[in-house]
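Breakdown of the fold
As a plain string of letters, each chain reads:
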Amino acid sequence: MKHLILSGCAGRMGRMLESLIEQRDDCRIAAGVDPAPYHSEEFPVYSNWERCPPNADGILDFSSPAGLSPMLEFATGHGIPVVLGTTGLSPSQVEEVALASKTIPIFRAANFSLPVALMAHLVEETSRALGADFDIELLELHHRGKADAPSGTAKVLMDAANAGLGASLSPVYGREGDSQRQPGEIGVHSLRGGSFAGEHTVLFSGQGEALSIQHTALSREIFARGAIRAMLYLQGCPAGLYGMESLLQF
Ligand code: NAD
């Protein structure tokens, strides 16, 4: 039985994780951390890390970039593995994660869906195969409450396109006005509204034909299931940085 701390337990992902973990017999939530008021019948909730007991086998973090440093300090200080799902980290925060992963195992993914990991692979291969003759545009659609844009997954897909082309495309976010497409651009369009769990489309447009690769998340349950899977994978792993490629088998 693995005892887990849920960082961001009052949020959408936190509550989804709580309901899924409640149904399992291989893990349970030992504590929750969230500055927002939240009550659970199953576990104590702390407003910060200072009072949170450190006896846990892992931390599941779906919170906010603002909470990254204290969470990593707690995790590295007590040698607790982390599954990090929070997106919108700054470049210096990404470095902070890499540094912490020298002390503890950290599994970081902008998207815990296995098909999305496969999609990134397909986008890389497609960009490589079609080359610069095909224009690439990226569309992502999320619920009205999403804090960051473009989504972390959109950035992963952009990186995949760049890797496939062996180039660095210039992102153009949401065109407006005099904005004719230039060579070497990748258009990135973020749509927000309602309760969409997340949809990503990569459109490759050539002369007279187009190919699109699309993933639709019908519920955020898929991200929660993937995060639990990542947490179980991390158990017993040495310190280091892990990602979805660890779970994909070709
Ligand atoms: P949300 O806004 O519903 O919840 C975030 C929660 O974090 C809130 O309850 C907030 O009070 C709490 N929080 C804020 N600061 C905190 C801190 N310092 N410590 C602990 N908790 C803190 O957001 P959400 O939809 O649950 O998403 C949370 C994060 O997870 C976002 O960054 C989102 O992009 C990301 N996300 C990742 C995946 C993935 O597969 N990797 C999937 C969905 C969402």
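Residues numbered from 1 in each chain as written. Predicted model: local features only at pLDDT ≥ 70, side-chain atom pairs only at ≥ 80, totals over all residues. Heavy atoms only, no water.

Another point: helix H6 (residues 221-234). Quick reminder: α-helices carry 3.6 residues per turn. Residues three or four places apart thus point the same way. In this model, H6 (14 residues) spans 20 Å end to end at C-alpha, consistent with the 20 Å of a helix rising 1.5 Å per residue. Taken together, the buried positions of H6 are Phe-223, Ala-224, Gly-226, Ala-227, Ile-228, Ala-230, Met-231 and Leu-234. A positive phi of about 90 degrees marks Gly-236, the residue just after H6. (Helix = DSSP H or I, 4+ residues; strand = E, 2+ residues; numbered from the N terminus. Expected span 1.5 Å × (residues − 1). Buried < 20%, exposed > 50% of the residue type's maximum accessible area, 1.4 Å probe, protein only.)

Side chains Gly-58 and Leu-60 of strand S4 (residues 58-61) all project onto a buried face; the interleaved residues Ile-59 and Asp-61 project onto the opposite face, where all are buried too. Bridge count for strand S1 (residues 2-7) against S4 is four bridges, and the pairing is parallel. Residue pairing across strands places Leu-4 opposite Gly-58, the latter belonging to S4. (Pairing = 2+ DSSP bridges.)

Examined at the domain level, the protein chain breaks down into domain 1 (2-108 + 221-247) and domain 2 (114-217). Distance between the C-alpha centres of domain 1 and domain 2: 28 Å. The partner domain 2 presents ten residues to the eight residues of domain 1 that form the contact. Between domain 1 and domain 2, the buried area comes to about 660 Å², and carbon and sulfur atoms account for 64% of it. Among the residues of domain 1 in contact with domain 2, Arg-12, Thr-87 and Met-244 are the three that bury the most area, contributing 51% of the side total. At the boundary of domain 1 with domain 2, the tally comes to zero salt bridges. Taken together, the connections running from domain 1 to domain 2 amount to three residue pairs in polar contact (both at pLDDT 80 or more). (Domains from an automatic or database assignment. Contact = heavy atoms within 4.5 Å. Buried area = accessible area lost by both parts, 1.4 Å probe. Salt bridge = Lys/Arg side-chain N within 4 Å of Asp/Glu carboxyl O. Polar contact = N/O pair within 3.5 Å; in protein donor to acceptor, adjacent residues only side chain to side chain.)

Moving on: the site of the ligand. If you check the shell around the ligand, you find 24 residues, and the closest are Arg-12, Met-13, Asp-34, Thr-87 and Phe-112. At 3.1 Å, a backbone N or O of Gly-11 approaches an oxygen atom of the ligand. Between the ligand and Met-13 there is a distance of 2.8 Å, counted from an oxygen atom to a backbone nitrogen or oxygen. Notes on the ligand: free accessible area 860 Å², of which the protein chains cover 80%. Residues that form the shell around the ligand fall into these classes: ten nonpolar, ten polar and four charged. (Near = heavy atom within 4 Å. Areas by Shrake-Rupley, 256 points an atom, 1.4 Å probe, with all protein chains shown as cover. Nonpolar A, V, L, I, M, F, W, Y, C, P; charged D, E, K, R; others polar.)

Here we come to the sheet that holds strand S12 (residues 240-242). The seven strands lie next to each other as S3-S2-S1-S4-S5-S6-S12, forming an open sheet whose pairing is parallel. Both edges of this open sheet fall to strand S3 (45-46) and S12, since each of them pairs with a single strand only. As paired strands, strand S2 (residues 27-33) and S3 are joined by two bridges and run parallel to one another. Each bridged residue has a counterpart across the sheet, and for Gly-32 the counterpart in S3 is Val-45.

We now examine the pattern of salt bridges. Scanning all chains against the criterion turns up ten salt bridges. Of the charged contacts in the structure, one is a salt bridge between Lys-146 and Asp-148, with a shortest N-O distance of 3.0 Å. Assessed through its relative accessible area of 18%, Lys-146 is described here as buried. For Asp-148, a relative accessible area of 15% translates into the label buried. Note that Arg-225 is salt-bridged to Glu-221, the shortest N-O span being 2.6 Å. Here Glu-221 and Arg-225 lie together in helix H6, a separation of four residues that amounts to about one turn. Arg-225 gets classed as partly exposed once you look at its relative accessible area, which sits at 45%. Taken together, the shared-partner salt bridges connect Asp-135, Glu-137, Arg-175, Arg-181 and Glu-185 into one network.

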